[in-house]
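# Architecture at a glance
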Amino acid sequence: MKVPELSQTHLALGTAWWAWHRPEQTARALLDAHRADPGEVRDRPAMRSFDTELTERHPRIAGVGELQTAVARTN
C-alpha cells in the first residue's frame, strides 16, 4: 500500500474507533497514520480535533501522550 493510502486507511479507522467511543484504538490508529504520513494528522483540522479531545478527555489512555508529543513535535 502506498503511504497516502496507508495513512488515510489509519485515519478512517481512527474516525470509526472515535465514533464507537474507543479512545485507545483511536489513539493507536492516529499514531499509525502519523507514522505513515505526519502531515495527514497534523494538517487536518478534524484529526487535530481528535488529538485535542483525546488529550483532554483521556489523558491516561495508552498512546494518547505519545500522539500528543508526536503531533506537537512536527508543528
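Now for a quick tour of the structure.

## Topic: helix α4 (residues 45–57)
- Across its 13 residues, α4 extends 18 Å between first and last C-alpha, which sits within 8% of the 18 Å expected from 1.5 Å per residue.
- Along α4, the residues classified as buried are Met47, Phe50, Asp51 and Leu54. Around the axis of α4, the buried residues are gathered within 95 degrees of arc, so they sit on the same side. Opposite its buried face, α4 presents the exposed residues Pro45, Glu56 and Arg57, each directed more than 90 degrees away.

## Describing the side chain of Asp51
- In this fold, Asp51 is placed in helix α4.
- One buried charged side chain, Asp51, makes no salt bridge at all; its nearest oppositely charged neighbour is Arg48, positioned 7.9 Å away.
- Not counting the four nearest positions on each side in its chain, Asp51 is found in contact with Leu67, Gln68 and Val71.

Analysis parameters
- Residues numbered from 1 in each chain as written.
- Predicted model: local features only at pLDDT ≥ 70, side-chain atom pairs only at ≥ 80, totals over all residues.
- Heavy atoms only, no water.
- Helix = DSSP H or I, 4+ residues; strand = E, 2+ residues; numbered from the N terminus.
- Expected span 1.5 Å × (residues − 1).
- Buried < 20%, exposed > 50% of the residue type's maximum accessible area, 1.4 Å probe, protein only.
- Arc of directions from axis to C-beta.
- Lys, Arg positive; Asp, Glu negative; His and termini not counted.
- Salt bridge = Lys/Arg side-chain N within 4 Å of Asp/Glu carboxyl O.
- Contact = heavy atoms within 4.5 Å.

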